[in-house]
Amino acid sequence: MMRRTPKLTLEFFHDVVCGWCFNLSPRLHALAREFHLDIRHRTFVLQDSPERMVESFCSHANAKATILGHWEACAAASETPERFAIERMRAARFNYPDGRPSALACQVAQQLGGQSGHWRMFDALQQAHLSQARNIADKEVLLDVAQSVGFDLTTFRQSLEGVHTHKAVEADRALAQRLGVRSVPTVIVRETGERLHNGSLEDLRAHLHEQARRVGRSLACGIAHVPAAEMQP
């Protein structure tokens, strides 16, 4: 299908450990082939340490049990429910991972490969986590996944410890706070300030058509939309 105009910029706030993000990412890949989209990946970690996991869920055991219940709901809403390795993760002998290590890895991938590198790493980490039940809080797992999608291991390892990488995670969090983002996935259309409904591919397609028509009308009338909150490049 031909690309459509005008271009829409989508701010995609996500967390690697989120099953709803796992459902949304392939839908956005499909829509990017239909629409003229610039998808900007933003890490937004809900629980950013093992201690925060316990604060949020009372114990690591309860965290895993609760989150795997979320996985079941995500699988039920997925076009490919077989991708969710629920029982493998339930049997895994490690605590359910917090999202900060994988957020750092996605930021390194962005430094090395731009937005496409970020998305490639995000998808590979989600596959490792949700389909293979691997412990993505383990640095060696992160590095193995990075190497599997083409990143240089030595460079990736060095950047993972860099101050700039940690600052990038915090910058995305600060942007999320300015925009009122409190959950993942959240997708904001930069040109209108509206949030896409996290629904089926058909629902997302319809909402994008609506957003494109709205932006097209504004451009035709010479109106430049100014989002309610400033967004960084």
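Residues numbered from 1 in each chain as written. Predicted model: local features only at pLDDT ≥ 70, side-chain atom pairs only at ≥ 80, totals over all residues. Heavy atoms only, no water.

Here we look at helix 1 (residues 19–32)
- For helix 1, spanning 14 residues, the distance from its first C-alpha to its last is 21 Å, which sits close to the expected 20 Å at 1.5 Å a residue.
- Listed as buried for helix 1 are Gly19, Cys21, Phe22, Asn23, Leu24, Ser25, Arg27, Leu28, Ala30, Leu31 and Ala32. (Helix = DSSP H or I, 4+ residues; strand = E, 2+ residues; numbered from the N terminus. Expected span 1.5 Å × (residues − 1). Buried < 20%, exposed > 50% of the residue type's maximum accessible area, 1.4 Å probe, protein only.)

Here's the deal with the layout of surface pockets
- Counted as a void, the largest pocket has a volume near 330 Å³.
- Cys18, Leu46, Gln47, Ile67 and His70 are the residues nearest the centre of the largest pocket, which is lined by 19 residues in total.
- Within the residue set of the lining of the largest pocket, elements represented by two or more residues are helix 1, helix 2 (50–57) and helix 3 (60–76).
- The dominant element in the lining of the largest pocket, judged by the number of residues it contributes, is helix 3, at four residues. (1 Å grid on protein atoms, 1.4 Å probe; cavity = no way out; pocket = protein on both sides within 12 Å on 5 of 7 lines; lining within 4 Å. Points joined across faces, edges and corners; volume = space filled by probe spheres on them.)

Here's the deal with helix 6 (residues 139–148)
- Of all the residues in helix 6, the buried ones are Val141, Leu142, Leu143, Val145 and Ala146.
- Residues of helix 6 that are buried in the fold lie against helix 5 (100–131) and helix 7 (153–160).
- At the N-terminal end of helix 6, a side-chain oxygen is found 2.8 Å from the backbone nitrogen of Glu140, two or three residues along, and the residue is Asp138.
- Positive backbone phi, at 100°, marks Gly150, one or two positions downstream of helix 6. (Contact = heavy atoms within 4.5 Å. Polar contact = N/O pair within 3.5 Å; in protein donor to acceptor, adjacent residues only side chain to side chain.)

Comments concerning the state of the cysteines
- The final tally for this structure, using the stated rule, is zero disulfides.
- In this structure Cys18 is a free cysteine whose sulfur lies 3.3 Å from that of Cys21, the closest cysteine sulfur available.
- Residue Cys21 is classed as buried on the basis of its relative accessible area of 0%. (Disulfide = S-S within 2.5 Å.)

Looking at the side chain of Asp172
- In this fold, Asp172 is placed in helix 8 (residues 163–179).
- A distance of 2.8 Å separates the side chain of Asp172 from the side chain of Gln107, its partner in a polar contact.

So, the nonpolar core
- In this structure, Leu10, Leu28, Leu37, Trp71, Met121, Leu125 and Phe156 are the most contacted members of the largest nonpolar core, which totals 70 residues.
- Among the elements that take part in this core, helix 5 stands out by supplying 13 residues, more than any other.
- Those residues in contact with Met121, other than ones at most four positions away along the chain, are Ala105, Cys106, Ala109, Leu142, Val145, Ala146, Val149, Phe151 and Phe156. (Core = buried A, V, L, I, M, F, W, Y, C linked by side-chain atoms within 4.5 Å.)

Observations regarding unusual backbone geometry
- Note that the residue after Val184, namely Pro185, is joined by a cis bond; omega there is -5°.
- Relative to the elements of secondary structure, Pro185 occurs in the loop between helix 8 and strand 3 (186–189).
- Here the phi dihedral of Ala133 falls at roughly 55°; this positive angle occurs in a residue that is not glycine.

Looking at the packing of aromatic side chains
- For the structure shown, the criterion picks out five aromatic pairs.
- Residues Phe22 and Phe84 carry aromatic rings whose centres are separated by 5.2 Å and whose planes lie at 85° to one another, so their mutual orientation is edge-to-face. With Phe22 in helix 1 and Phe84 in the loop between helix 3 and helix 4 (86–91), this pair connects stretches of sequence that are 62 residues apart. Considered together, Phe22 and Phe84 belong to a single accessibility category, that of buried residues.
- Summarising the aromatic geometry, the rings of Trp71 and Phe84 are spaced 6.4 Å apart at their centres and angled 70° between planes, so their arrangement reads as edge-to-face. Remark: Phe84 occurs in the loop between helix 3 and helix 4 and Trp71 occurs in helix 3; sequence separation between them is 13 residues. Of the two residues, Trp71 and Phe84, neither departs from the other in class, the shared state being buried.
- Connected via pairs of aromatic rings, a cluster forms that spans Phe22, Trp71, Phe84 and Tyr96. (Phe/Tyr/Trp six-rings, centres within 6.5 Å; stacked < 30°, edge-to-face > 60°.)

A short note on the packing of helix 5 against helix 8
- It is at 9 Å that the axes of helix 5 and helix 8 come closest, and there the two elements cross at 105°. Here helix 5 lies roughly perpendicular to helix 8, going by the angle between them. Between helix 5 and helix 8, the residues in contact are Arg100, Ala103, Leu104, Gln107, Val108 and Gln111 and His164, Thr165, His166, Ala168, Val169, Glu170 and Asp172, respectively.
- Classifying every residue of the contact of helix 5 with helix 8 by side-chain character gives five nonpolar, five polar and three charged. (Axes fitted to C-alpha atoms, helices over the stretch in contact; angles between N-to-C directions. Parallel < 35°, antiparallel > 145°, perpendicular 65-115°, else oblique. Nonpolar A, V, L, I, M, F, W, Y, C, P; charged D, E, K, R; others polar.)

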